[in-house]
Amino acid sequence: MSDNPHVRKAQAMARAREAEAATARVLVEQFARDAIAAGVRPERLTARAYNGSTRYKTQVTGWYLKRDRSLGISTDGVFYVLSTAGGVAARFTGVTLEPGEPLLEIGRGARDGESMPLTDALAGRLAAGNDWKPA
């Protein structure tokens, strides 16, 4: 352990973030099981280009968590941030996404100021079932 108080603080913050992510991963995994059990139809998710103008096919099948289709959960209970660099070739081949790190509050620190507890987002998405429509 470091004697530097800044290093100790950074280490403590990293531990807290990992603990939060571990708790959030359990919630996301449970959502996927509940959605499948409830018969909520998954779909092939798309990712938006960083410039916001284009959407690309992905390898992920699951459910959008937000109506703006910026977050998704796969059928195997993995969380994804649905944004990508994209590119010309990706218009034909699609993009491969890496799993994201879920947090207990989605949108925390975002510029749009829209944040909400992960539990509320998951419950709302599950309650909407097959009637849920993205924006």
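Please read these numbers as outputs of a predicted model, since none were measured by experiment.

The backbone of Arg69 shows a phi angle near 60°, a positive value even though the residue is not glycine. In this structure, Arg69 sits in the loop between strand S2 (55–64) and strand S3 (71–74).

One pass over the full model with this rule turns up 2 salt bridges. Where Arg17 meets Glu101, a salt bridge forms, and the shortest distance between an N and an O atom there is 2.9 Å. Note that Arg17 is positioned in helix H1 (residues 5–37) and Glu101 in the loop between helix H2 (90–93) and strand S6 (105–106), a separation of 84 residues in sequence. Its relative accessible area of 43% is what places Arg17 among the partly exposed residues.

Compared with an ideal rise of 1.5 Å per residue, which puts 33 residues at 48 Å, H1 spans 48 Å between its outermost C-alpha atoms and is within 8% of the ideal. Taken residue by residue, H1 has Glu20, Ala21, Ala24, Val28, Phe31, Ala32 and Ala35 as its buried positions. With a side-chain oxygen positioned 2.7 Å from the backbone nitrogen of His6, the residue opening H1 is Asn4. Phi turns positive, to about 75°, at Gly39, one or two residues after H1.

All right, on to the environment of Ala35 then. If you trace the backbone, Ala35 turns up in helix H1. Those residues in contact with Ala35 that sit more than four places away from it in its chain are Val40, Trp63 and Leu126.

In this section: the layout of surface pockets. Quantified by volume, the second largest pocket comes out at close to 250 Å³. As for the second largest pocket, its lining consists of 13 residues, of which Leu65, Lys66, Arg67, Ile106 and Met116 are closest to the centre. In terms of residue count, the dominant contributor to the lining of the second largest pocket is helix H3 (residues 118–128) (4 residues). Split by residue class, the lining of the second largest pocket holds 5 nonpolar, 2 polar and 6 charged.

Rules behind the numbers
Counting from 1, residues in each chain are numbered in the order their sequence is written. Residue-level local features of this predicted model are given only where pLDDT is at least 70; pairs of side-chain atoms are given and counted only at 80 or more, and the full residue set underlies all totals for whole chains, interfaces and linings. No hydrogens and no water enter the side-chain calculation; it runs on all heavy atoms of the structure. Put simply, DSSP marks the helices as runs of H or I at least four residues long and the strands as runs of E at least two long, and each gets a number from the N terminus on. What counts as a salt bridge is simple: a side-chain nitrogen of Lys or Arg found within 4 Å of a carboxyl oxygen of Asp or Glu. Only protein chains enter the accessibility calculation, which uses a 1.4 Å probe; a residue whose area is less than 20% of its type maximum is buried, one above 50% is exposed, and one in between is partly exposed. To estimate the expected span of a helix, count its residues, drop one, and scale the result by 1.5 Å. The term polar contact refers here to a pair of N or O atoms within 3.5 Å; inside protein, the definition further demands a hydrogen-donor-capable atom paired with an acceptor-capable atom, and it admits residues adjacent in sequence only when both atoms are side-chain atoms. Contacts between residues were defined by any pair of non-hydrogen atoms, one from each residue, lying within 4.5 Å. The definitions used throughout rest on a 1 Å grid laid over the protein atoms alone, on which a cavity is an enclosed set of points accommodating a 1.4 Å probe that cannot get out and a pocket is an open set flanked by protein within 12 Å on both sides along at least five of seven lines; lining residues are those having an atom within 4 Å of a point. Grid points are joined across faces, edges and corners, and a volume is the space filled by probe spheres set on the points. Each residue is assigned to one class: nonpolar for Ala, Val, Leu, Ile, Met, Phe, Trp, Tyr, Cys and Pro, charged for Asp, Glu, Lys and Arg, and polar for all the others, Gly among them.

Shape descriptors only; they carry no functional weight alone.
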